[in-house]
Amino acid sequence: MYEELEKTLDTYVRPLLRTHGGDMEVVDFTDGVVKFKLHGHCAGCPAADFTTENLIQSELMEHMPEVKQAVLIQEVSQSLLDEARSILKQRHGG
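Residues numbered from 1 in each chain as written. Predicted model: local features only at pLDDT ≥ 70, side-chain atom pairs only at ≥ 80, totals over all residues. Heavy atoms only, no water.

Draft legend 1. Just the overall build of the chain, in detail. Counting secondary structure elements, the chain contains 3 helices and 3 strands. Tracing the chain from N to C terminus, the helices and strands come up as α-β-β-α-β-α. Radius of gyration (C-alpha) of the chain: 16 Å, far over the 12 Å computed for a compact globule of 94 residues. Seen through its C-alpha atoms, the chain measures out along the principal axes to roughly 55 × 25 × 20 Å. Counting the 94 residues in the chain, one finds 30% classified as buried. If you take every contact in the chain between residues at least 6 apart in sequence, the share linking residues at least 24 apart comes to 49%. (Helix = DSSP H or I, 4+ residues; strand = E, 2+ residues; numbered from the N terminus. Rg over C-alpha atoms; globule rule 2.2 N^0.38 Å. Buried < 20%, exposed > 50% of the residue type's maximum accessible area, 1.4 Å probe, protein only. Contact = heavy atoms within 4.5 Å.)

And the structure:
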């Protein structure tokens, strides 16, 4: 089932995410719920909820009847945290 999920994502979802400089990673697939993280420019994007519902979830449900829901796990990327720390050090003479 996981292989079919990855193939579906590679065919219908990831190419569109990559046009925006992003990608995604499946974290879990249990009981019809796909939990995933967005990477690259898509991570933390204000339109991430829209992308989840209108692209990822709809494509998965269309091509895999086993999928009932796609859930975005949002977190701040390490590169963004590093950049913020760097800015704060510069502002505070660190």
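Let's pick the thread back up.
Draft legend 2. Local environment of the packing of helix 1 (residues 2-18) against helix 2 (residues 48-63). Orientation of helix 1 relative to helix 2, taken along the N-to-C sense of each, is 145 degrees, at an axis distance of 10 Å. Seen from above, helix 1 lies across helix 2 with right-handed handedness. Of helix 2, the residues touching helix 1 (which contributes Glu4, Leu5, Thr8, Leu9, Tyr12, Val13, Leu16 and Leu17) are Thr51, Leu55, Ile56, Glu59, Leu60 and His63. Its residues assigned to classes, the contact of helix 1 with helix 2 comprises 9 nonpolar, 3 polar and 2 charged. (Axes fitted to C-alpha atoms, helices over the stretch in contact; angles between N-to-C directions. Left-handed = near helix turned anticlockwise from the far one by under 90°. Nonpolar A, V, L, I, M, F, W, Y, C, P; charged D, E, K, R; others polar.)

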